[in-house]
Amino acid sequence: MVMKKYLTLLLVMILAGTTFAFAQEDDSVLLKGKIEQISEDGSYITVGGQKVLTTKELVEEAYFELGDNVEIKAENSQEGLRALSYEYIYDEELGYDDDSEEVYPDQDY
């Protein structure tokens with residue numbers, strides 16, 4: 001009976017420790033939405049109401065424009081959310097641009 005209590009306690013401690021380690025290891029945030037604002041100097045963009053710190057080089061390389069649908073992976077820093085990576089989100093099922101009825105054919109770029 002005593003051994004069963006110790007094994008149960010050990011199992012609970014292992015599970016709790018593992019969960020804590022994962023939460024501590026990955027402090028990133030995933031934001032999805034339209035780009036609502038791009039600072040003039042390229043130091044940040046706003047996605048879904050959240051300010052995300054970027055660099056001018058990232059903004060230029062990614063060709064970010066207002067209204068683009070994006071998924072931004074960011075990390076918490078002392079200055080705020082800092083962009084780690086990005087992906088564009090396209091409406092692939094319909095093949096439509098969000099702002100128009102224009103159809104875009106499947107192309108590899």
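Up top you'll find the structure we're talking about.
Right, let's walk through the structure included here. (Residues numbered from 1 in each chain as written. Predicted model: local features only at pLDDT ≥ 70, side-chain atom pairs only at ≥ 80, totals over all residues. Heavy atoms only, no water.)

### Brief notes about the overall build of the protein
And then number 1: In terms of regular secondary structure, the protein is built from two helices and five strands.
And then number 2: Listing every helix and strand of the protein by position from the N terminus yields α-β-β-β-α-β-β.
And then number 3: For the protein, the residues scored as buried account for 22% of the 109 residues in total.
And then number 4: Contacts in the protein between residues at least 24 apart in sequence constitute 45% of all its contacts with a sequence separation of at least 6. (Helix = DSSP H or I, 4+ residues; strand = E, 2+ residues; numbered from the N terminus. Buried < 20%, exposed > 50% of the residue type's maximum accessible area, 1.4 Å probe, protein only. Contact = heavy atoms within 4.5 Å.)

### Quick look at unusual backbone geometry
And then number 1: One non-glycine residue, Tyr63, lies in the positive phi region at around 55°.
And then number 2: The exposure class assigned to Tyr63 is exposed, which follows from its relative accessible area of 63%.

### A closer look at the sheet that holds strand β5 (residues 81–88)
And then number 1: Taking strand neighbours around the barrel as the criterion, the five strands line up as β1-β2-β3-β5-β4 in a closed arrangement whose pairing is mixed. Averaged over all pairs of adjacent strands, the angle between strand axes in this sheet comes to 55°, irrespective of strand direction.
And then number 2: Pairing geometry for strand β1 (residues 28–38) and strand β4 (residues 69–76), over seven bridges, is antiparallel. If you follow Gly33 over to β4, its bridge partner there is Val70. (Pairing = 2+ DSSP bridges. Axes fitted to C-alpha atoms, helices over the stretch in contact; angles between N-to-C directions.)

### Let's talk about the pattern of salt bridges
And then number 1: Overall, the coordinates contain two salt bridges when judged by the stated rule.
And then number 2: The partner of Glu71 in a salt bridge is Lys32, with the nearest N and O atoms 3.4 Å apart. One end of the pair, Glu71, is in strand β4; the other, Lys32, is in strand β1, and 39 residues separate them in sequence.
And then number 3: According to the relative accessible area criterion, Lys32 is exposed, its value standing at 56%.
And then number 4: As a salt-bridge pair, Glu79 and Arg82 come within 3.1 Å of each other at their nearest N and O atoms.
And then number 5: Given the relative accessible area of 56%, Glu79 is considered exposed. (Salt bridge = Lys/Arg side-chain N within 4 Å of Asp/Glu carboxyl O.)

### Let's talk about the pairing of β5
A regular strand carries its side chains on alternate faces of the sheet.
And then number 1: The pairing of strand β3 (residues 50–53) with β5 spans two bridges and is parallel. Bridging from a neighbouring strand, Leu53 pairs with Arg82 of β5.
And then number 2: Two elements, β4 and β5, share seven bridges in a ladder whose sense is antiparallel. If you follow Ala74 over to β5, its bridge partner there is Ala83.

### Comments concerning the nonpolar core
And then number 1: Ranked by size, the top nonpolar core spans 13 residues in total, and within it Ile35, Ile45, Val47, Val52, Phe64, Val70 and Ile72 carry the most contacts.
And then number 2: Contributing elements (two or more residues each) for this core: β1, β2 (44–47), α2 (56–62), β4 and β5.
And then number 3: With three residues, the top contributor of residues to this core is β4.
And then number 4: Setting aside residues up to four positions removed in sequence, Val52 forms contacts with Leu31, Ser43, Tyr44, Ile45, Ile72, Ala74, Leu81, Arg82 and Ala83. (Core = buried A, V, L, I, M, F, W, Y, C linked by side-chain atoms within 4.5 Å.)

### Here we look at the pairing of β3
And then number 1: Pairing between β2 and β3: four bridges, direction antiparallel. When the sheet's bridge partners are listed, Tyr44 is paired in β3 with Leu53.
And then number 2: Linking β2 to β3, which pair antiparallel, is a turn of two residues; within it Gly48 sits at a positive phi near 55°.

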